[in-house]
Amino acid sequence: MENMKVLLGLLCFIAPLLSLETDECKEYPNEIILFSFVNEIDIRNCPLTTNEKHFTIIWYKNDSKTPISVEQSSRIHQQKERLWFVPVKMEDSGHYYCIARNSTHCFKTKVTVKVLENEPGLCYNTQAAFRQRLHIAGDGSLVCPYLDFFRDEKNQLPKVQWYKDCKPLPLDDKDFYGAKNKLLVRNVTEEHGGNYTCHVSYTFLGKQYPVTRVIEFVTIGEVKIDRPVIVSPRNETLEADPGSRIQLICNVTGQYSDIVYWKWNGSQIEEDDPFLVEDYQFVEHPSAKRKYMLITILNISVVQSHFYRYPFTCFVKNSNIIESAHVKLIYPVPDFKNYIIGTFVILTATIICCVFIYRIFKVDIVLWYRDTCSDFLPPKASDGKAYDAYILYPKTFGEGPSSDLDTFVFKLLPEVLEGQFGYKLFICGRDDYAGEDTIEVTNENVKKSRRLIIILMRDMGGFSWLSHSSEEQIAIYNALIREGIKVVLLELEKIQDYEKMPESIQFIKRKHGAICWSGDFKERPQCAKTRFWKNVRYHMPAPRQSPLSTHHLLTQDPVLDTKEKLRAETHLPLG
Amino acid sequence: MEICRGRYSHLISLLLFLLFHSEATCRPPGRRPCKMQAFRIWDINQKTFYLRNNQLIAGYLQGSNTKLEEKIDMVTTDLHNVFLGIHGGKLCLSCVKSGDNIKLQLEEINITDLSKNKEQDKRFTFIRSEEGPTTSFESAACPGWFLCTALEADRPVSLTNKPEESLTVTKFYFQEDQ
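Calculation rules
Residues numbered from 1 in each chain as written. Chains lettered and ligands numbered in written order. Predicted model: local features only at pLDDT ≥ 70, side-chain atom pairs only at ≥ 80, totals over all residues. Heavy atoms only, no water. UniProt positions renumbered as here; feature names shortened; annotations may be inferred. Contact = heavy atoms within 4.5 Å. Buried area = accessible area lost by both parts, 1.4 Å probe. Salt bridge = Lys/Arg side-chain N within 4 Å of Asp/Glu carboxyl O. Polar contact = N/O pair within 3.5 Å; in protein donor to acceptor, adjacent residues only side chain to side chain. Helix = DSSP H or I, 4+ residues; strand = E, 2+ residues; numbered from the N terminus. Nonpolar A, V, L, I, M, F, W, Y, C, P; charged D, E, K, R; others polar. Phe/Tyr/Trp six-rings, centres within 6.5 Å; stacked < 30°, edge-to-face > 60°. Buried < 20%, exposed > 50% of the residue type's maximum accessible area, 1.4 Å probe, protein only. Lys NZ or Arg CZ within 6 Å of the ring centre and 35° of its normal.

- The name an unreviewed UniProt entry gives chain B is Interleukin-1, with Mesocricetus auratus as the organism.
- What UniProt states about chain B under its Sequence similarities (unreviewed entry) heading is, verbatim, "Belongs to the IL-1 family."
- Per UniProt, chain B has the following entry under Subcellular location (unreviewed entry): "Secreted".

- Named according to an unreviewed UniProt entry, chain A is Interleukin-1 receptor type 1 isoform X1 originating from Mesocricetus auratus.
- In its Subcellular location (unreviewed entry) section, the UniProt entry covering chain A states "Membrane".
- Here is the UniProt Sequence similarities (unreviewed entry) comment for chain A, exactly as written: "Belongs to the interleukin-1 receptor family."

1. Let's talk about the interface of chain B and chain A
Part 1 of the reasoning: On the side of chain A, 47 residues touch chain B, which itself brings 42 residues to the contact.
Part 2 of the reasoning: Both faces combined, the contact of chain B with chain A buries some 4,000 Å², and carbon together with sulfur accounts for 47% of it.
Part 3 of the reasoning: One can count zero salt bridges joining chain B with chain A.
Part 4 of the reasoning: Seen at the junction of chain B and chain A, the total is 10 residue pairs in polar contact (both at pLDDT 80 or more).
Part 5 of the reasoning: Elements with a contribution of two residues or more to the side of chain B that touches chain A: strand 1 (36-43), strand 2 (48-52), strand 3 (55-59), strand 8 (125-131) and strand 14 (172-176) of chain B.
Part 6 of the reasoning: Considered class by class, the residues forming the side of chain B that touches chain A number 13 nonpolar, 16 polar and 13 charged.

2. What to know about unusual backbone geometry
Part 1 of the reasoning: In this structure, the amide linkage connecting Val86 of chain A to the following residue, Pro87 of chain A, adopts the cis form with an omega of -10°.
Part 2 of the reasoning: Located in the positive-phi region is Asn265 of chain A, a residue other than glycine, with phi close to 55°.
Part 3 of the reasoning: Topologically, Asn265 of chain A is positioned in the loop between strand 20 (259-264) and strand 21 (267-268).
Part 4 of the reasoning: In this structure, His87 of chain B is a non-glycine residue whose phi angle is positive, near 55°.

3. Concerning the packing of aromatic side chains
Part 1 of the reasoning: Inspection of every chain in the model, using the stated rule, returns 34 aromatic pairs over all chains.
Part 2 of the reasoning: Note on Tyr146 of chain A and Phe149 of chain A: the rings are 6.4 Å apart at their centroids and 10° apart in plane angle, and the pair reads as stacked. Each of the two residues, Tyr146 of chain A as well as Phe149 of chain A, counts as buried.
Part 3 of the reasoning: When the ring of Tyr261 of chain A is compared with that of Phe315 of chain A, the centres are 5.5 Å apart and the planes differ by 10°; the resulting orientation is stacked. Residue Tyr261 of chain A is located in strand 20, and its partner Phe315 of chain A is located in strand 24 (residues 312-317); the two are separated by 54 residues in the primary sequence. Residues Tyr261 of chain A and Phe315 of chain A agree in their burial class; the two are buried.
Part 4 of the reasoning: Pairwise contacts between aromatic rings join Trp84, Phe130, Tyr146, Phe149, Phe150, Tyr202 and Phe204 of chain A together with Tyr60 of chain B into one cluster.
Part 5 of the reasoning: Across from the ring centre of Tyr28 of chain A, 5.2 Å away, lies the NZ or CZ of Lys26 of chain A, which sits over that ring.
Part 6 of the reasoning: Positioned above the aromatic ring of Tyr387 of chain A is the side chain of Lys424 of chain A, whose terminal nitrogen or guanidinium carbon lies 5.3 Å from the ring centre.

Take a look at the structure:
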């Protein structure tokens, strides 16, 4: 033992000499300051990492050439590779060097030691605090650092006492549990934060020294992981034409660190995919703080037929949440809306066309209908009328145009309406008897007629006949007021000026218009297909019999006529 | 764990930059933006990271030493795959095999220049997995090897293939720096 001491002493003597002799040691910078508490025992490692063996570590105080003593009785001494302060004194603050050396290499580094006293009224100094962090609501441990130096012979750590804000911490509590160099904290809350101290005692050379470490326990707000929100898509379907180019947009509101990506058929989009390319646009959220709009666009250059089989799913992932939403491509379905609109337009156009056609061909249609459908319709019940129309025409006072009128009234009109279409007309001057009271006849026969046809001519003595002739007055009165008979105006000549006409005629003209004669007055068989005759027939009531049977009936007509006339005759004396 | 600082490394990186510039950057036009984020890392024994002699060390930083704490810069390339770096992404963590040895290395390369599609960048890829509040990082190039710290303080951060063993810590608290 004595020999050993001598040897060590010799080594201590030689070593500095060696260091002076050999080349300069490579110095490593070391910014770490060692904080120690006064009057405590402290043990420090050389911060040079020497993985390789056969390095000798020697400590020096300041720039002293003399190594620190290896005598354990020395207050500051080197034991193995470590520097011991037994105990630390205020004057120990300063620089120390540790030099690592082997046969070929030499490294050194400066170690700054700062000795601290407790802050007034506290059992620690915050300058020496180790900051340790745990998440709120979780479990975790605080560690009393650098206690390995104080392991006993059985390599056991000394018993640690814990204090919070200098008050002893009850261990085995529901919140705290001490184990070796650790303080287990259960269900961390914000109130757990604070300055903790851990104390151990170490006995060296029969004397007990304290060791204190200060821990600033910082609680970290519960990892508030806002659920990222997938704004779009919303598990929807999208119509896409095969072969077309489309974009699927995944819009996520979340944290910058959230990962947004598309998947199809269970796999992510490869960077070399021939049809699918992802594109990214991450912008700060306009309204939410610390949030981002993470837009990931999936460009589909050519929609393939198998793309319809599985949906495209957008995923957003953060540390513990994964959300997804999908878009399923579907083949486009025919647009019913367009069909409906189209149909509606066509229908409207058709209706408008029909209305126009009807307005243009109204007369022909009505006549055609009467011709064709009268056979199928049930025979009309008798309305008690004997004539289809009462013909009211101006009385002629001379020659000239009146012959045309006579031709029309006595020849053309009956030839067409009676001869060809089986109507029965009452024509004054043909169907009445000479000497009969005109007023009486008119009164009687207008009532018996379904229509009142008024023949108009331009030069009829200033049209005064209508206003002056009592016959006409009665006829119009009966037709318009009493019987509600429809009045048909026939202009044999174009009449521009209706001003001079009686009010009633003007009224009828305004209401129903007038049919203007377009042919001549030659006595030849009339073509009933002219517009004039069609218009007249249109205004006439539907024939009581079908035109086919008309011809048969025509033969019977005179009989009927005579019967009628006879009846009129027999009535006469009574009138 | 020594930083590779070869004499020609700058020349090589310049060459690589010129050759692969279009794909090498992790921000090619229109592609997934390179989102480098800083994270505070500390193991479940409360050890933080700091640099000592260009080595990444895990230990307890006292008082004003806290300013030496290294934060991890991370770029997420895939769902779980990340690149890890320090010093603003200028030094990147990689797993390097030399013979039977597997070593964690700090390489002078810009984290944003790494590409997940390049084989030579695979050594920088770590698979990040979470278990409750803690996170583990497994090297993608060295499957089964996890980022770890020694139980003892002030030891280099390294890789272990025995994460269950009690001599190392592979569980880290990993929180985005706010």
